[in-house]
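Chain by chain, the residues:
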Amino acid sequence: MSKSLGVLLIAASLFSASCGFQQAFVRSGNRRMVSSSMPSTEMDNFESKLLEQSMNLDRSATEEMITLAESEHGMPWTQSVGKKKDGASPPLLYMPFWEWQMSFMKENLTNLQVLPCSAKDSTAFPAANRDLSYEENVKKGARIVNLCFTCEEYSKIRMTYYDAGEGVQVFNSLWYPHESHNVPLLGIDLLSFNRKKYLGIVDFQPIHDDNKDHSTPQFEEEVLKPIRDKYPSLHGKMSAKFYDETKFFSRQMLFARFEDEGIVEKDLLPAFKDYVSAHVDLVKTDDKDYSNMKMVKGRHAAYDTYSADRDPATGLFAAMFGKDWADEFVYGFLFAQSDKPEEGAERPAGMMMGGGPPQQHQKNSQAQKQRQSSSVLA
């Protein structure tokens, strides 16, 4: 039995216990536990307190499930797998993003639950059972950890942290709203290369070519623009040579390619928080429409296929963790609704989040693969 499966089973037992308590309370015979002479007002207060206690137990069990899943592989990490020349650990630059998102999700999402990190039931690998929550290459000094969640507002939220010392640091997350919400996805892609070059993308990623086809057609001007205007350092633009800006990207995307590490804390972190908070508000205030679920699911699948086919990180993952693992990870987990192309088929040019940075010729092929890690990544 894998560690991840064991954690999920333990967590499930905790949740089951709390549910059993609540179910035992609401059975019709529960009133017989209380004296029939108790006034109705006192009875109502008594039942309200018991219900509150059972709900608190549910929340406690859910939080325990999440804590177990996160801590299984030591997250949040405090030291990098890589070492500097003096033996010190380089900073885990994007760990504050991971920690804030975990805390935010617990506090703001309804009925947040842990999902297995596997490709099972994906389009390309429906019968897979490999645990994809963690992988490492000790010899090459790289490791990757993943968590996956579901809740009432989002059908899937995945988080990835890739640590290769000073060479590469990556935090990536992709939020799929529940299919009853015809709204953009939330994509987050943050990268550092050798602590000299940095790349940050945060976006409400449209699932339609025309915003009017969303249930929130004014999200760019009304929601994103006021936030983006606060952060001029994040107003970069991707090269049209490598990036089709008409597909799955908004005009108010936060994009920055920079060399000043201070921008990460000064601008990127607060802007990230603002976009995440705004996206959750957008989903919560959107009216559910169950009649469009099939169409929305189809658009999510189109996004997954577009992104998986252009994900240059597949090569890096193959070099670090093996081709079979990389294919299953990208097509089965990162983009679980994607159609995997036939072996040998030509892949489109890579881009960040469905598109990566322009690729420069590198004498060091490993360095090139590190740069290609840009789309771990959604």
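Caption draft 1: Spotlight on the overall build of the protein chain. In terms of regular secondary structure, the protein chain is built from 9 helices and 8 strands. Counted over contacts in the protein chain with a minimum sequence separation of 6, partners at least 24 positions apart contribute 69%. Summed over its atoms, the accessible surface of the protein chain is roughly 17600 Å², and 50% of this surface lies on carbon and sulfur atoms.

Caption draft 2: Expanded view of the environment of Val276. Mapped onto the fold, Val276 is located in helix H5 (residues 262-285). Sequence spacing of Val276 and Gln101 is 175 residues, and the spatial spacing of their C-alpha atoms is 8.3 Å.

Caption draft 3: Quick peek at unusual backbone geometry. Here the residue pair Met75 and Pro76 is connected by a cis peptide bond, since its omega of -5 degrees sits within 30 degrees of zero. Relative to the assigned elements, Pro76 resides in the loop between helix H2 (40-71) and helix H3 (95-108). In this model, Asn111 sits at a positive phi of 55 degrees, which is unusual for a non-glycine residue. Relative to the helices and strands, Asn111 resides in the loop between H3 and strand S1 (113-115). Overall, Asn111 belongs to the partly exposed group, its relative accessible area being 43%. Positive phi, normally seen in glycine, also occurs at Arg195, with a value near 55 degrees. Mapped onto the elements, Arg195 comes out in the loop between strand S6 (185-193) and strand S7 (197-205). Since its relative accessible area comes to 31%, Arg195 is described here as partly exposed.

Caption draft 4: Structural detail: the confidence of the model for the protein chain. Looking at the protein chain, pLDDT values average 83 and 73% of them are 70 or higher. In this model, residues 9-35 is a region of pLDDT below 50 whose contacts with residues beyond four sequence positions or in other chains number 33 contacts. Across residues 350-378 the pLDDT falls below 50, and counting only partners more than four positions away or on other chains, this stretch makes 106 contacts in the model.

Caption draft 5: Seen up close, the side chain of Gln169. Mapping Gln169 onto the fold places it in strand S5 (residues 168-177). Given a relative accessible area of 2%, Gln169 falls into the buried group. Within the local environment of Gln169, its side chain forms a polar contact with the side chain of Asp163, the two groups lying 2.6 Å apart. Leave out the neighbours within four places in its chain, and Gln169 touches Ser80, Pro91, Leu92, Leu93, Tyr94, Tyr161, Tyr162, Asp163, Ala164, Leu190, Leu191 and Ser192.

Caption draft 6: Representation of the packing of aromatic side chains within the structure. Under the counting rule described, the total for this entry stands at 21 aromatic pairs. With 6.2 Å between their ring centres and 90 degrees between their planes, Phe171 and Phe272 make a pair best called edge-to-face. With Phe171 in strand S5 and Phe272 in helix H5, this pair connects stretches of sequence that are 101 residues apart. For the pair shown, Phe171 and Phe272 are each scored as buried. Ring geometry for Phe204 versus Tyr275: centroids 5.7 Å apart, planes at 75 degrees, classification edge-to-face. Residue Phe204 is found in strand S7, and its partner Tyr275 is found in helix H5; the two are separated by 71 residues along the sequence. The same class applies to Phe204 and to Tyr275, which are both buried. Clustering of aromatic rings is evident, with ring pairs tying together Tyr94, Phe97, Trp98, Trp100, Phe104, Phe171 and Phe272. One residue, Lys156, lies across the ring of Phe333, its end atom 5.0 Å from the ring centre.

Caption draft 7: Region of interest: the pairing of S6. Most of S6 is tucked away: 9 of the 9 residues are buried. Relative to S7, S6 runs antiparallel, the two being bridged by 9 bridges. Directly across from Leu191, in S7, lies its bridge partner Leu199. The antiparallel pairing of S6 with S7 creates a hairpin that spans 3 residues between the two strands, and Asn194 there sits at a positive phi of about 55 degrees.

Caption draft 8: Structural view of the pairing of S5. Of all 10 residues in S5, 10 are buried; the element is thus mostly enclosed. Here S5 shows two buried faces, one formed by Val168, Val170, Asn172, Leu174 and Tyr176 and the other by Gln169, Phe171, Ser173, Trp175 and Pro177. As paired strands, strand S4 (residues 154-164) and S5 are joined by 10 bridges and run antiparallel to one another. For Met159, the partnering residue across the bridge sits in S5 and is Ser173.

Caption draft 9: Geometry of the pattern of salt bridges. Enumeration over the complete set of coordinates arrives at 11 salt bridges. Close ionic contact of Asp213 with Lys212 constitutes a salt bridge, the shortest N to O distance being 3.6 Å. You can call Lys212 exposed: its relative accessible area is 58%. Linked through salt bridges whose partners overlap, the residues forming this network are Glu166, Arg195 and Glu261.

Conventions and cut-offs
Residues numbered from 1 in each chain as written. Predicted model: local features only at pLDDT ≥ 70, side-chain atom pairs only at ≥ 80, totals over all residues. Heavy atoms only, no water. Helix = DSSP H or I, 4+ residues; strand = E, 2+ residues; numbered from the N terminus. Contact = heavy atoms within 4.5 Å. Areas by Shrake-Rupley, 256 points an atom, 1.4 Å probe, with all protein chains shown as cover. Buried < 20%, exposed > 50% of the residue type's maximum accessible area, 1.4 Å probe, protein only. pLDDT = per-residue confidence, 0-100. Polar contact = N/O pair within 3.5 Å; in protein donor to acceptor, adjacent residues only side chain to side chain. Phe/Tyr/Trp six-rings, centres within 6.5 Å; stacked < 30°, edge-to-face > 60°. Lys NZ or Arg CZ within 6 Å of the ring centre and 35° of its normal. Pairing = 2+ DSSP bridges. Salt bridge = Lys/Arg side-chain N within 4 Å of Asp/Glu carboxyl O.

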